[in-house]
Amino acid sequence: MAFEFSDEHEELRRTVRQFFENESDETKVRELMASERGFEDATWKQMAEELGLAGLIVPEIHGGADFGAVELAIVMEEMGRALLCAPYLSSAVLATSAILLAAEETAQKELLPRLASGDATATLAFAEKVSPWDLSAIAMAAEGDGASVTLSGEKTFVLDGTTADEIVVVARSNGNLTLFQVAGDAAGLTREALPPLDPTRKLAKLRFESTPAARISTGDAEPALRRALARTVTALASEQLGGSQRCLEMATDYAKTRLQFGRPIGSYQAIKHQCADMLVEVEFARSAAYSAAFALDEDDDGAEVAAAMAKSFCSEAYSHAAKRNLQIHGGMGFTWEHPAHLYLKRAKSSEMLFGSPISHRAKVAAAVGIGSA
Amino acid sequence: MAFEFSDEHEELRRTVRQFFENESDETKVRELMASERGFEDATWKQMAEELGLAGLIVPEIHGGADFGAVELAIVMEEMGRALLCAPYLSSAVLATSAILLAAEETAQKELLPRLASGDATATLAFAEKVSPWDLSAIAMAAEGDGASVTLSGEKTFVLDGTTADEIVVVARSNGNLTLFQVAGDAAGLTREALPPLDPTRKLAKLRFESTPAARISTGDAEPALRRALARTVTALASEQLGGSQRCLEMATDYAKTRLQFGRPIGSYQAIKHQCADMLVEVEFARSAAYSAAFALDEDDDGAEVAAAMAKSFCSEAYSHAAKRNLQIHGGMGFTWEHPAHLYLKRAKSSEMLFGSPISHRAKVAAAVGIGSA
Amino acid sequence: MKESELRERTRVLLDEVHPDDEGVSRVDFRSAQFDHGLALVHFPEGLGGFGLSPKLQAVVNEEIQSHAKTFYENLVVNPIGIGMGAPVVLTYGSEEQKRTLIKRIYTGEDIWCQMFSEPSAGSDVAGLSTRAVRDGDDWVLNGQKVWTTLAHVSKWGMLLARTNPDVPKHDGLSYFLLDMESPGVDVRPLYQITAEAEFNEVFLNDVRIPHEQMLGAEGQGWRVAITTLMNERSALGGGSSRKGGGPVSVLTRILAESGAQRSPAEQAILEDKATQLYIRAELLRLTTQRAKATQRSGNPGPEGSVGKLAQAEIYKDVWETCVAALGDDGLLYEPGYELRRPTGDFRGTGESSAEKHILQAKYQLLRSQANSIEGGTSEIMRNILGERVLGLPGEPRVDKEIAWKDVPRG
Amino acid sequence: MKESELRERTRVLLDEVHPDDEGVSRVDFRSAQFDHGLALVHFPEGLGGFGLSPKLQAVVNEEIQSHAKTFYENLVVNPIGIGMGAPVVLTYGSEEQKRTLIKRIYTGEDIWCQMFSEPSAGSDVAGLSTRAVRDGDDWVLNGQKVWTTLAHVSKWGMLLARTNPDVPKHDGLSYFLLDMESPGVDVRPLYQITAEAEFNEVFLNDVRIPHEQMLGAEGQGWRVAITTLMNERSALGGGSSRKGGGPVSVLTRILAESGAQRSPAEQAILEDKATQLYIRAELLRLTTQRAKATQRSGNPGPEGSVGKLAQAEIYKDVWETCVAALGDDGLLYEPGYELRRPTGDFRGTGESSAEKHILQAKYQLLRSQANSIEGGTSEIMRNILGERVLGLPGEPRVDKEIAWKDVPRG
């Protein structure tokens, strides 16, 4: 595996970091996380138009930048550092990947340009109450057979579900998993905000009561959706890496300047060695996230396993880094006014999103031949 | 739970510690662990006669001191500190408990006085190749129905199996677990020393070929044997505690005197905090071992659970303490001439003896209602 | 005095004033209890007690509890006042102060708080910066205190301030009783990561304290404070008092309820983890019990740090495992993040009823992060265990022998 | 020089002397390889190379391996001599020394060892005590070295000794080449907890070394040693080079073979543990790969400590989990504890064939305990990561500015 970033990659990183430093500083994050909508339309539009981020992985013919998983990893890592509040994971990654990999061309033509331009956002509604992250457990079935159907039932843990302009719903049709497009303001659709552990990422429960929906995929979409989830999970792992790295930096910076008993707390091995252990985990997380991204772009057979590996490892690394950062900050880190908790909540929440580390490890185990199953 | 030791208990502790400091110093341990027999008859006799240790838990009517689990815990803790090489766990604890709890009175009368006086040693041969620590998995079946039978088959992981004068074999008779007495020099008995990870405790594989044996229990001995194992495991937990405590002391003493970069290594938090964590684990191990012993003497319903808890916790605490002790000693701790490895091998070996920490935790879980089972 | 006499006196008290009676307020009853010497039996006569062993207070409490439904727990009435304020006034206060302050502490009329911590002095409490400068009969204070529990409802604060910056840090501190209603005292809620404000920040701006309100001599503040801190630390840690109780019971319950949502393998892994925590929690309980037995035989000391350190780590792990066991439900946080004073009843560490335990687990996932910080960080606890229990040498110190003002700070 | 020319020259060498030919000894072949400049291509002409980039050695090796069954790996032939001895002679040796020593290092005629460590100087290597006193044209050495790999078969030792105790520790050291056959050199096997002696103790009793055998100037020994140590540390750590390879493959195998003996729950717990270790081992491999990529772009440095630290902890954990998975079989230790020089072929960290993997796991349970000690303890690695990578401040030092003789030692 090449595993090296090009100068263009570094340039991309610099650009987005600069942008988020200006547009997603702590004040902005706090303002948006307390708001109902959770993001700023102007910034979103700017991200789409000036930086081409909304359509980062959308093919050129649909108005996107046609980049791959590696560029997405770079962008997500920077978003993770900045705790960006925006429907990026939901619209530009999850929904976009699902549409790209599983939807029919006409639907792609209709949807992707609008998403890439920032004119609309979308989300994927697939999780249900029972075994939410298991595609095969999806029970919602479309009523009707043709291009237009109605949907009834409930979807939960829908990312940015109250604000998305377009909702791509995964439901069964003749037993097959199928994608349906539902407008955010469709009749019979109730969108209820859920109280998130991580207030920087909004979640919703959607109730469908004979809601009109347009079929946008044919055949069994499950394999394609599994790949879309692997892409999403890989991107999320990079976001977790960015958050972990930021926690390490915050902790290290604080340890250099905070004095106790007449010397910097970072001169004490109790703190120094915690930072060293964080560093090892962050470097491992970096290897995990990057290698999963490179594997996707190289169409590596192991890409799904690499995604599971990255998700399980980066989740725990982020959680450890966030907790250690809080601990190293002492009482200060426990206050609302200090940003340590924002990272902790993002870490714990993203650890559970799309399934636990244990469940992702089970996928790795099965793939590499650990265990009887 | 009272949980306090009396002055008599403290006196007992002082006496045995003094004795082992004289009779089981490091030189002696190294000599005996390299010997085939693994213990010294004269010392064993002295332990039996002068200190009453061989018959510590044997009733007075059978020539013993009639003490309980608490006194046994004290003695085992001191033996663990001293890494005593002697068939104490096998003869004075395991075999004695089995005979006391499961054998008929005539057998008790015949066997216990000889064990208590130090004239003979015994061991319990119950483990077989498949699921060795699970009594219900015992497959060996006696041939014949009366008081005298013959045994054929194999027993393994028999503590001090090559030196025991009397072997108490657990085999099935009419499906029931039954105790049989076999002389160490019986016809058709082959005793093969196994190469132990812990050279201070000898193990053997015994092969029986139509070996004559005397039945010494009636009915189903399984419940009584389970209790005998709980007693043994509780005693072993105390031994592990004693070893852990000794590791903590060795590490702490070394950290006080070993200088690097001009100051004692114990002044560095990297070492100091490892010692502090060891201390916490050792104190927890102490609570575990003592409470299991007190529970046995109080006929507490929870005694078997307390035993499982103690075995699982003390096993891991000892293993951690032994490894940390080695690490704190640096290169020195990795040499054959330093005693750190003797404790490490005892720790790892006793961790596996009578079943893994996970398997003991499963017993705790079942008893306290964790889990569906 | 014999137990029987104490019981008799308690019954006399109850005949006179009964806490269950309508019209008998908490202040009424506790005031009478104090006057009967049954409030703090180890305090001197006239100050709520009879100079007895503190253990005997249990006899009085037992007697009250067996004859009345209403029992006022000191920990609820005025935890800091009764636990730390009354003893320090008794030891260092003037006769006048003992007479006027202690009873009102006991009745709960005057709530007390403790103001040692400062933003720049976390683990290094003695490095604090709040300055007290003598001006006639008063001291004038300027500085900031933090983590002040109950400051917003307190009448009195126990405060440590620097009266001499030119000597090593421990030698330049003095101990004051501050009337929290004094001009220049500004109490502000300090919001935590849970969005609740259990604590306060207290800003002191030219606050005047009469010299008589200094406890102990000038420059002896650290010695006075140490007693206070010892009482605090021994109150932390120790775990549940009941086998299988406390946080781990919440975990056991969540695990049982949530099992169906995951694979048998994942459940087995979580169950083993929960069993490890169950065992650790149980051993924490037993170790505390052993430590108390040792303490009774006259050997108190830094061993309490074992419990403090272990409890923080165990409880944090328990709550995190609870949320892991909740699975996707852990993505949600029902209390929300509106800034507020504590309200919910799910935040205790004891068992909770009905569905509260899920809310409790989520709240505690956040709240318990402070367990390894408050009342002494786990790092400091390990130093104490290493140095004071195991006797390992200290680190080279750069702040011991020099004037406080010359020690780098920040 | 182009790759193609190098390949051509290698084929010329093989035409002349072929390692597979009967009668061509290892020394014969490697001697010719050296003379052809194909031994260490980055060395100067006449000293085994052509002054090329070290990367190009791979071209030669590849060419030999594709045309011959016999390939002599430097790591097997003379690891310390080739890895550390030859470079240090090249940098600091006299022309005479370069001419006479380097070739015999490469051929394996002279095995080399490295003698820095001493019993009293573990992590604190520069604190060593072996004294060298000038006497005419010689230096006279007294002291003890430890952990000396290969000393019992070595002709030459790279040795650090104190030539001036009156200056701070780093400034009083000088670097010597010691002829191991000199009178007064006593090499004794140092048995480890495995009962094997991989290492030696070397006692030096009035050993004379001619002044010409000092490398670098008097008092510059630390600088010379640092180069040597850097080479050593980067050789440790980094993990397996193949996905799923190395120790973790042994674990996977043992776990699969031993599953039947335990409950499904216990198996699930061990499998998750093994999967965690599999992932960590894989990330160690990838992280090493990334570090190498960075290094190639000209940024070597203490980042290698990430791999060293992580590998020690992962491998120890892997071997311990292997033995846990063996269950009761882990009670037995088939190699036994007869004191001996290393013999078994099960001790490598790579994959092993047939039933060897079980023996390997048991042996490595013990052997791997040193992973976190040898070549820099994990504690020191964390210091390096904290201070040199993250830039955290050092601790107060008590031994930096004072004469070595005044630093407390023990």
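Only a predicted model underlies this, so the values are computations on that prediction, with no experimental measurement involved. Think of each chain on its own: its residues are numbered from 1, step by step along the sequence as written. Whichever chain is written first is A, and whichever ligand is written first is 1; the rest continue in order. Thresholds applied to this predicted model are a pLDDT of at least 70 for local features of residues and 80 or more for the giving and counting of side-chain atom pairs; totals over whole chains, interfaces and linings are not thresholded and use all residues. As a convention, hydrogens and water are excluded, and side-chain values are obtained from all of the structure's heavy atoms.

Glancing now at the overall build of chain A. Helix and strand counts for chain A stand at 11 helices and 8 strands. Computed over the C-alpha atoms, the radius of gyration of chain A is 21 Å, within 12% of the 21 Å expected from 2.2 N^0.38 for a compact globule of 373 residues. If one aligns the C-alpha atoms of chain A with their principal axes, the spans along those axes are about 75 × 50 × 40 Å. Only protein chains enter the calculation, and the probe is 1.4 Å; a residue is then buried if its accessible area is under 20% of its type maximum, exposed if over 50%, and partly exposed in between. Expressed as a percentage of its 373 residues, the buried residues of chain A come to 66%. Runs of H or I in DSSP of at least four residues are treated as helices and runs of E of at least two as strands, each being numbered from the N terminus. For the radius of gyration, the atoms used are the C-alpha atoms, and the globule rule reads 2.2 Å times the number of residues raised to 0.38.

This part covers the pattern of salt bridges. Whenever a carboxyl oxygen of Asp or Glu lies within 4 Å of a side-chain nitrogen of Lys or Arg, that contact is scored as a salt bridge. Across all of its chains, the model carries 128 salt bridges over all chains by this definition. For Glu110 of chain A, the salt bridge identified is with Arg114 of chain A, shortest N-O distance 2.7 Å. Here Glu110 of chain A pairs with Arg114 of chain A, and both are found in helix α6 (residues 105-117), just 4 residues apart, close to one helical turn. In this structure Glu110 of chain A comes out as partly exposed when scored by relative accessible area, which is 36%. When salt bridges with common partners are traced through the structure, they connect Glu10, Arg13, Arg17, Glu77, Glu78, Glu283 and Arg286 of chain A together with Arg290 of chain D into a single cluster.

On to the domain arrangement of chain A. Residues and elements named next belong to chain A. Structurally, chain A comprises domain 1 (7-117), domain 2 (122-222) and domain 3 (229-367). Residue contacts follow a heavy-atom distance rule, with two residues in contact if any of their heavy atoms lie within 4.5 Å. Listed per partner, the contact involves 22 residues of domain 1 and 30 residues of domain 3. Simply put, the buried area is the total loss of 1.4 Å probe accessible area from both parts when two parts are fitted together. For the pair domain 1 and domain 3, the two sides together bury roughly 2100 Å², of which 64% comes from carbon and sulfur. Sorting the residues of domain 1 by area buried against domain 3 places Glu77, Arg81 and Leu83 first, and these three jointly supply 29% of that buried surface. Domain start and stop points were drawn from an automatic or database domain assignment.

Turning to the pairing of strand β5 (residues 173-179) of chain C, a few remarks are in order. Regular strands have side chains that alternate between both faces of the sheet. Residue and element names in this part refer to chain C. Among the 7 residues that make up β5, 7 are buried, leaving the element largely enclosed by the rest of the structure. Alternating positions in β5 separate into two faces, Leu173, Tyr175, Leu177 and Asp179 on one and Ser174, Phe176 and Leu178 on the other, with burial throughout. What makes two strands pair is DSSP finding at least two bridges between them. Pairing between strand β4 (residues 156-162) and β5: 7 bridges, direction antiparallel. Note on β5: the bridge partner recorded for Leu160 is Tyr175. Bridging between β5 and strand β8 (residues 214-215) involves 2 bridges; their strand directions are antiparallel. From the neighbouring strand, Phe176 faces β8, where its bridge partner is Met214.

This part takes up the environment of Gln369 of chain D. Note on placement: Gln369 of chain D falls in the loop between α11 (356-367) and α12 (378-389). Considered as a pair, Gln369 of chain D and Trp319 of chain D are 50 residues apart in the sequence and their alpha carbons are 9.7 Å apart. In this structure, Gln369 of chain D is in contact with Lys323, Leu326, Gln327 and Leu344 of chain B together with Ile193 and Lys316 of chain D, ignoring residues within four places of it in sequence.

Moving on: the interface of chain C and chain A. Counting residues at the interface gives 51 residues for chain C, matched by 43 residues for chain A. In total, chain C and chain A occlude about 3800 Å² of area from one another, counting both sides; carbon and sulfur atoms represent 64% of this. Its largest share of buried area at the contact with chain A, chain C owes to Ile193, Leu331 and Tyr337 of chain C, together 19% of the area lost on that side. At the junction of chain C with chain A, the criterion picks out 3 salt bridges. Close ionic contact of Arg263 of chain A with Glu395 of chain C constitutes a salt bridge, the shortest N to O distance being 3.1 Å.

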